[in-house]
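Below are the chains, spelled out letter by letter.
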Amino acid sequence: QWPTEFVATRAGVTLTTKPTGTSSSSPNTNEEEKKKEEFYRHLKGLLDREMTRVDQIERMPSPYLWQCIEEMETRFKSLQAQLQSLKQTLEVSKQFST
């Protein structure tokens, strides 16, 4: 039940609980409601402040990812060199054929 309450509080929704036989005509009801609203407002502020730290976490890529990137760069440079060599060979063969 806690995650539901947490999400509701973050969204600013006040969850109601089942009444336990208290009458709504008591003079303290209005004061209790104000206290409850103040509590939820304070709780929402605390949760929002706490969530700003969580939302700002950015994970660094893993060493495996860096290794894959380096391998891909090596392959790219190798393929680029092979392509350049093929282009030069093609140009030379065109010169001799004409």
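Computed from a prediction, not measured in an experiment: that's the story for all the values here.

## As for the overall build of the protein chain
Then, number 1: Along the backbone of the protein chain there are 3 helices and 0 strands.
Then, number 2: The N-to-C order of helical and strand elements in the protein chain reads α-α-α.
Then, number 3: As displayed, the protein chain offers around 9,500 Å² of accessible surface, 58% of which is attributable to carbon and sulfur atoms.

## A look at a nonpolar patch on the surface
Then, number 1: A grouping of Leu-65, Trp-66 and Ile-69 is seen on the molecular surface, where their side chains present a nonpolar patch of about 270 Å² in accessible area.
Then, number 2: When you line up the elements, Ile-69 lands in helix α3 (residues 63-97).
Then, number 3: Residue Ile-69 is classed as partly exposed on the basis of its relative accessible area, which comes to 34%.

Quick notes on the rules
Residues numbered from 1 in each chain as written. Predicted model: local features only at pLDDT ≥ 70, side-chain atom pairs only at ≥ 80, totals over all residues. Heavy atoms only, no water. Helix = DSSP H or I, 4+ residues; strand = E, 2+ residues; numbered from the N terminus. Areas by Shrake-Rupley, 256 points an atom, 1.4 Å probe, with all protein chains shown as cover. Patch = residues over 30% accessible without salt bridge, like charges linked within 9 Å, V, L, I, M, F, W, Y side chains within 5 Å. Salt bridge = Lys/Arg side-chain N within 4 Å of Asp/Glu carboxyl O. Buried < 20%, exposed > 50% of the residue type's maximum accessible area, 1.4 Å probe, protein only.

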